[in-house]
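Letter by letter, the chains look like this.
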Amino acid sequence: MHKMKLLSGLITVALVGASLHTLSLASAGGAAAPTTTVLAADAQTTRVVNAANAFLATLTAAQKKAVLFAWTDNTQRKNWSNFPQGGAGVNRQGVPWGDLNATQKTALMTLLGTVLSEQGVAMVQGQMDADDITQATDSGTPGGRTNAGTASPTGAAGSATAGAQGTPPPAGQVGNPAGGPPPGAGGARAPVKFGSESYFVSFVGTPSTTSPWMMQFGGHHLAINATVVGPNIGLSPTLTGGEPVRVSFNNQTFTIIPQVPVEMTAASALLNSLTAAQQAKVVISTNRIDLVLGPGHDGQTLQPEGLPGSQMTAAQKTLFLALIRDRLGILNANDLAAKMTDIQKNLSQTYFAWYGPTAAGSAAYWRVTGPTAIIEFSPQATDGDPTNHLHNMYRDPTNEYGAAWTSLK
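Residues numbered from 1 in each chain as written. Predicted model: local features only at pLDDT ≥ 70, side-chain atom pairs only at ≥ 80, totals over all residues. Heavy atoms only, no water.

Colleague: When you look at the nonpolar core in this model, what are you seeing that I'm missing?
Modeller: Phe-203, Phe-217 and Phe-352 are the most contacted members of the largest nonpolar core, which totals 74 residues. One finds Trp-80, Val-204, Ala-223 and Leu-239 within the second-largest nonpolar core, a separate group that totals 10 residues. (Core = buried A, V, L, I, M, F, W, Y, C linked by side-chain atoms within 4.5 Å. Buried < 20%, exposed > 50% of the residue type's maximum accessible area, 1.4 Å probe, protein only.)

Now the structure itself:
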């Protein structure tokens, strides 16, 4: 098929999918029984458990065996990455999206819709669409995509989202962030699998209202790790981002991953609200850096740097909380409210730091470092415009994989 005709069709699919964001979900599992005593689930987590069990009920015996892991399986618990399947050290387990039938996909999206907010589901769908674009435009040639993502995307595709039309932000600093993935040896890259069909679902532990368990869903540029413990649901650690964030077609620009421009706008709003003296503390360097606490960095901590909430005005604190909420808002409203209450309580000890150019829309790394929340926003220069390729992280250093709620070690 001619590439322009293919991309036109992909954009049409994505735009039609944008109006289909009414979702719900289900899932369940079988695994070793944890010893932790857990409070009974509230209404929200009961809905999640019911949705998980409903999803599991749609699976074949072989799929159910593949999707379920013991709660004590720390290897699977940490089996997530920003790389595509088959990339360096990446071998996701579970059941891939591409192996699910229509009924099973609907049940899985319903489950995601109970764990996440509508905003979160749109973000997931957008990332899957973006990877379908990568799959459709990937040539596998040296100098094009590496095992990290795409070169210069020009179309849209996918599972069911699409974007708002608008003007893309200007390209920022271009460079090679430390720790970025290497190109394949000799100009060739390792065989990898792009596209939504290579996103996997798995369960660590059995979905339960009284015992801890975890739902995982992810693929290239996405790792949702939702730990459910009685009335509590946490997303630490969770990786988001994606590429392409936006695409141009027929002289129009479409946002494929709606969450990214929201976060960029909120970060610039906070930065621009600061005085020159405050900005001098916030801007650590004019050079962008890569993720510090990405995949493989569980259990590590960061020394706070930048400007603490205690040195912000009331209006600036409001913008700071809005920025944090924009990231954590992918979580369902019930559990988000509890998390934001905790963050607001610790806002004076929460720091905002910036690496890179400060012009609005530029490719800058920024970080939030607080007692119970670390957020990183990291543009990538691997394939051209860094604002169109993001690796972003959220961690709660006190509650990785629900450790604060369980006997997990």
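Next, the rest of the story.
Colleague: For this particular structure, what's the right way to read the environment of His-221?
Modeller: Considering the arrangement of structural elements, one finds His-221 in the loop between β4 (213–219) and β5 (222–229). In this structure His-221 comes out as buried when scored by relative accessible area, which is 2%. Residues His-221 and Gln-127, spaced 94 residues apart in sequence, show a C-alpha to C-alpha distance of 7.3 Å. For His-221, the side chain forms a polar contact with the side chain of His-391, separated by 3.3 Å. (Helix = DSSP H or I, 4+ residues; strand = E, 2+ residues; numbered from the N terminus. Polar contact = N/O pair within 3.5 Å; in protein donor to acceptor, adjacent residues only side chain to side chain.)

Colleague: So what exactly am I meant to see when it comes to the pairing of β5 here?
Modeller: Along any regular strand the residues' side chains alternate between the sheet's two faces. β5 sits mainly inside the fold: 8 of its 8 residues count as buried. Burial along β5 is two-sided: the residues Leu-222, Ile-224, Ala-226 and Val-228 and Ala-223, Asn-225, Thr-227 and Val-229 are all buried. Hairpin remark: β4 followed by β5, antiparallel, with 2 residues in the connecting loop; positive phi at His-221, about 70°. Inspection of the sheet shows β5 paired to strand β6 (residues 232–234) by 3 bridges, in the antiparallel sense. For Thr-227, the partnering residue across the bridge sits in β6 and is Gly-234. What sits between β5 and β6 in their antiparallel hairpin is a turn of 2 residues, with Gly-230 showing a positive phi close to 55°. (Pairing = 2+ DSSP bridges.)

Colleague: Looking at this structure, I do not really get empty space enclosed by the protein. What am I missing?
Modeller: Any space left empty among the atoms is revealed by the rolling of a water-sized probe across them. Applying the stated rule across the entire model yields 4 cavities of 30 Å³ or more. One number sums up the size of the largest cavity: a volume of about 100 Å³. In this structure, the largest cavity is lined by 14 residues; those nearest its centre are Asn-79, Arg-92, Phe-200, Gln-216 and Gly-218. Taken together, the elements giving at least two residues each to the lining of the largest cavity come down to β3 (200–204), β4 and β5. Of all the elements, β5 adds the most residues to the lining of the largest cavity, at 4 residues. When grouped by side-chain class, the residues that make up the lining of the largest cavity number 6 nonpolar, 7 polar and 1 charged. Every residue along the wall of the second largest cavity is listed here: Met-264, Ala-267, Ser-268, Trp-354, Ala-359, Gly-361, Ser-362, Ala-364, Trp-366 and Phe-377. (1 Å grid on protein atoms, 1.4 Å probe; cavity = no way out; pocket = protein on both sides within 12 Å on 5 of 7 lines; lining within 4 Å. Points joined across faces, edges and corners; volume = space filled by probe spheres on them. Nonpolar A, V, L, I, M, F, W, Y, C, P; charged D, E, K, R; others polar.)

Colleague: Help me understand the environment of Glu-263, please; the structure alone is not making it clear to me.
Modeller: Note on placement: Glu-263 falls in helix α7 (residues 259–273). The class of Glu-263 is buried, set by a relative accessible area of 2%. Residues Glu-263 and Ala-322 lie 59 residues apart in sequence; the distance between their C-alpha atoms is 9.4 Å. In this view, Glu-263 contacts Leu-323, Asp-326, Arg-327, Trp-366 and Phe-377; residues no more than four positions away in its chain are not counted. (Contact = heavy atoms within 4.5 Å.)

Colleague: Quick question: what am I supposed to make of the packing of aromatic side chains here?
Modeller: Pairs of aromatic rings are described using the distance from one ring centre to the other and the angle between the two planes. Throughout the structure, instances matching the rule amount to 8 aromatic pairs. Aromatic pair Phe-352 and Trp-354: ring centres 6.2 Å apart, planes at 70°, arrangement edge-to-face. Across the pair, Trp-354 and Phe-352 agree in class, each one buried. Summarising the aromatic geometry, the rings of Trp-366 and Phe-377 are spaced 5.2 Å apart at their centres and angled 10° between planes, so their arrangement reads as stacked. Taken as a pair, Trp-366 in strand β13 (residues 365–370) and Phe-377 in strand β14 (residues 373–379) lie far apart in primary sequence, 11 residues in all. Note on Phe-377: relative accessible area 2%, which makes it buried. An aromatic cluster is present here, built from Phe-320, Phe-352, Trp-354, Trp-366 and Phe-377 joined pairwise through their rings. (Phe/Tyr/Trp six-rings, centres within 6.5 Å; stacked < 30°, edge-to-face > 60°.)

Colleague: Looking at this structure, I do not really get the packing of helix α5 (residues 102–115) against helix α6 (residues 118–137). What am I missing?
Modeller: Working note: a packed helix pair is described by the angle between its axes plus the distance between those axes. Following both chains from N to C, one finds α5 and α6 inclined at 135°, their axes separated by 8 Å at the closest point. One finds that α5 runs oblique with respect to α6. Judged by residue contacts, Met-109, Leu-112 and Gly-113 of α5 engage Val-121, Val-124 and Gln-125 from α6. Of the residues that constitute the contact of α5 with α6, the class distribution is 4 nonpolar, 2 polar and no charged. (Axes fitted to C-alpha atoms, helices over the stretch in contact; angles between N-to-C directions. Parallel < 35°, antiparallel > 145°, perpendicular 65-115°, else oblique.)

Colleague: Help me understand the side chain of Glu-400 in this model?
Modeller: Relative to the assigned elements, Glu-400 resides in the segment after β15 (390–395). Looking at Glu-400, the relative accessible area reads 11%, which means it is buried.

Colleague: Would you mind going over unusual backbone geometry with me for this structure?
Modeller: Backbone geometry follows two general trends: most residues other than glycine have a negative phi, and most peptide bonds adopt the trans configuration. Here the residue pair Ser-236 and Pro-237 is connected by a cis peptide bond, since its omega of 0° sits within 30 degrees of zero. Residue placement: Pro-237 occurs in the loop between β6 and β7 (238–242). Here the amide bond leading from Glu-243 into Pro-244 is cis, since omega sits at 0°, within 30 degrees of zero. If you trace the backbone, Pro-244 turns up in the loop between β7 and β8 (246–249). Positive phi values are uncommon outside glycine, yet Asn-250 reaches one of about 50°. Position of Asn-250 relative to the elements: it lies in the loop between β8 and β9 (252–255). On the basis of relative accessibility, which here comes to 55%, the residue Asn-250 falls in the exposed class.

Any functional reading would require information beyond the geometric quantities listed.
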